[in-house]
Amino acid sequence: MTDKTQDAFEPVDTPTPRRKPKPEVTTIGGKPMKPSTLMMGHGYDPMLSEGSLKAPIFLTSTFAFENSAAGKRHFEGITGKRPGGAEGLVYSRFNGPNQEILEDRLAIWDGAEDALCFSSGMTAICVLMLAACNAGDVIVHSGPLYAASEGFVAKVMAKFGVTYIDFPAGATREELDVVMKKAKAQAEAQGGEVPLIYLESPANPTNALVDVEAVKEARDAHFDPDRCPIAIDNTFLGPLWSRPLDHGADLVVYSLTKYVGGHSDLVAGSVSGSKRWIDAIRALRNTMGGIADPNTAWMLLRSLETVELRMQRAGENAEKVCAFLKDHPKVERLGYLGFIEDERQQDIYNRHCKGAGSTFSLFVKGGEAEAFRFLDSMKIAKLAVSLGGTETLASLPAAMTHLSVPDERKAQLGITDNLVRVSIGIEDPDDLIADFAQALDQV
Ligand SMILES: *Cc1c(COP(=O)(O)O)cnc(C)c1O
């Protein structure tokens, strides 16, 4: 017999063709692609991972060198013996494939040159501050800040001889000039500099916006911009509703735990900005650790694919819910960026914000008892701290997150016993309105 059919299990002589990397495409029709398009593929080539459409989770502590010379070359790069920095991956405290893809994609949203991911928002903030400061320095910051950030500046940085001066979030250019002069004098007296201006906008829970453009003008007038970056915590409005790098900030900080992660199932943080600042922060992260783990980075890649959709929906829902709450007889007032009453705050909003967000303060008529009745009556909204998730959350700062804040400071910040903090999710808006309506009826 000449015609032989192949036996089962006999090896077939048709080798699988070797997969080839594809060049990255970032423009279409001569125009750069939008972030929402780039989130599906930027920085990852399936052909380098067996064709896997989604990036695999790379669970490894270390990376093999191609040969000894490549290993030496790498260490020459990271130790500064050769300019250009590290090439490729070497050890997972420094970076990994999932985190690198995440960092590339995070940078896109802010229009930043580079980004770093961290194991929490607070790790990002702490490493940033430690990287910026020397003993004797003064941090200028807006107030109030997220409580842990404020505590880190006032208590931990103080241990290393770093002091601070704060200014109210809504400060004008004239008020900022006074603060910058004071900070300069304080730094000179301490034998240090002002190496960082740190902002948070909108402030929590007051929702007061910082005028980033005015801060940049004041910084440029009083300090060397090359020695004093402006960093801003953009967790509440970023990356969709505010792009602070466009208004003069140098670094943007996130708790990715909130809107970016968006599913209330992870804790992570990031810093993005120009390479010169990012490289200094990276050097400290390389030493300390604190990079997000591969699994969390992978989950954030999932999250980034829908961040625009989720934030748009949450923003629309918040607009509808707040329209309903605005004139409700059981509501004293609302702290919502869609209904700003102050002229100066409205001006900052118009220049800096593309949307009012979905986190706001609801002042229930009455005191703690009425606020508790309202919260305990909610059927859809969950009673929990945090924000920016797919589900609607509500909490009472005075009795929860801000319980330990002295009464005097609470009064100063307007944190009253009837202030309910709400973060609207992506549920059906009519269901949400019905839930708020029935819970207010119980007050
Ligand atoms: C939650 C939050 C942080 C801290 O982030 P973690 O991820 O919890 O460490 C910092 N800033 C703001 C504005 C936040 O809301």
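A quick note: this is a predicted structure, and the numbers were derived from the prediction, not measured.

Undergrad: Explain the overall build of the protein chain to me, please; I cannot follow it from the model alone.
TA: Counting its regular elements, the protein chain contains 13 helices and 14 strands. The C-alpha atoms of the protein chain give 25 Å as radius of gyration, which agrees with the globular expectation for 443 residues (22 Å, within 12%). Seen through its C-alpha atoms, the protein chain measures out along the principal axes to roughly 95 × 60 × 40 Å. In the protein chain, which comprises 443 residues, the proportion classed as buried is 50%. Excluding contacts between residues fewer than 6 apart, the proportion of contacts in the protein chain whose partners are at least 24 apart in sequence is 73%. Looking at charge distribution, the protein chain has the averaged site of its 46 positive side-chain charges lying 3 Å from that of its 60 negative ones.

Undergrad: Looking at this structure, how should I read the environment of Leu-256?
TA: By secondary structure assignment, the location of Leu-256 is in the loop between β8 (251-255) and β9 (269-273). Sequence separation between Leu-256 and Cys-322 is 66 residues; the distance between their C-alpha atoms is 25 Å. If we skip the residues at most four places from it in the chain, Leu-256 touches Leu-106, Gly-261, Gly-262, Leu-266, Ala-268, Gly-269, Ser-270 and Leu-300.

Undergrad: Just to check I follow, could you spell out the sheet that holds strand β13 (residues 393-395) for this structure?
TA: The strands that make up a sheet pair up through hydrogen bonds in the backbone, lying either parallel or antiparallel. The strand order across the open sheet formed by five strands is β10-β11-β14-β13-β12, and the pairing between neighbours is mixed. Taken across any chain shown, the strands that pair with only one partner, and hence form the sheet edges, are β10 (331-335) and β12 (382-383). Bridging between β10 and strand β11 (residues 359-364) involves four bridges; their strand directions are antiparallel. In the strand pairing of β11, Gly-335 is matched with Ser-361.

Undergrad: I would appreciate a short explanation of the state of the cysteines in the present structure.
TA: Each disulfide is one covalent bond, formed between the sulfur atoms of two cysteines. According to the stated counting rule, one finds zero disulfides in the structure shown. Here Cys-133 stays free of any disulfide, with the sulfur of Cys-228 as its closest cysteine sulfur at 9.9 Å. Using a relative accessible area of 1% as the deciding quantity, one classes Cys-228 as buried.

Undergrad: Looking at this structure, I do not really get the sheet that holds strand β7 (residues 230-233). What am I missing?
TA: Read from one edge of the open sheet, seven strands run β3-β9-β8-β7-β6-β4-β5, paired in mixed fashion. Strands with a single pairing partner mark the edges of an open sheet, and in this sheet they are β3 (114-118) and β5 (163-168). Strand after strand, the sheet turns through a mean of 20° between neighbouring axes, direction not considered. Here strand β6 (residues 196-200) pairs with β7 via four bridges, running parallel. Paired with Glu-200 across the bridge in β7 is Asp-233. Against the sheet, helix α3 (residues 97-110) contacts β3, β8 and β9, and its axis sits at roughly 125° relative to β3. Against the sheet, helix α5 (residues 147-159) touches β4 (138-143), β5 and β6, its axis set at about 155° to β4.

Undergrad: In this structure, what is going on with the pattern of salt bridges? I would like to understand it.
TA: Where side chains of opposite charge bring their charged atoms close, a pairing between them can arise. Counted by the stated rule, this structure contains 21 salt bridges. For Glu-213, the salt bridge is made with Arg-351, and the minimal N-O distance between the two is 2.5 Å. With Glu-213 in helix α7 (residues 212-222) and Arg-351 in helix α10 (residues 343-352), this pair connects stretches of sequence that are 138 residues apart. For Glu-213, a relative accessible area of 27% translates into the label partly exposed. Residue classification places Arg-351 among the partly exposed residues on the basis of a relative accessible area of 30%. A salt bridge links Asp-220 to Lys-216, with the nearest nitrogen and oxygen atoms 3.0 Å apart. Of this pair, Asp-220 and Lys-216 both sit in helix α7, separated by four residues, roughly a single helical turn. For Asp-220, a relative accessible area of 32% puts it in the partly exposed group. A relative accessible area of 30% means that Lys-216 is categorised as partly exposed. Linked by salt bridges that have partners in common, Asp-211, Glu-213, Arg-344, Asp-347 and Arg-351 make up one network.

Rules used throughout
Residues numbered from 1 in each chain as written. Predicted model: local features only at pLDDT ≥ 70, side-chain atom pairs only at ≥ 80, totals over all residues. Heavy atoms only, no water. Helix = DSSP H or I, 4+ residues; strand = E, 2+ residues; numbered from the N terminus. Rg over C-alpha atoms; globule rule 2.2 N^0.38 Å. Buried < 20%, exposed > 50% of the residue type's maximum accessible area, 1.4 Å probe, protein only. Contact = heavy atoms within 4.5 Å. Lys, Arg positive; Asp, Glu negative; His and termini not counted. Charge placed at Lys NZ, Arg CZ, Asp CG, Glu CD. Pairing = 2+ DSSP bridges. Disulfide = S-S within 2.5 Å. Axes fitted to C-alpha atoms, helices over the stretch in contact; angles between N-to-C directions. Salt bridge = Lys/Arg side-chain N within 4 Å of Asp/Glu carboxyl O.

Don't take any of this as a statement about function, it's just geometry.
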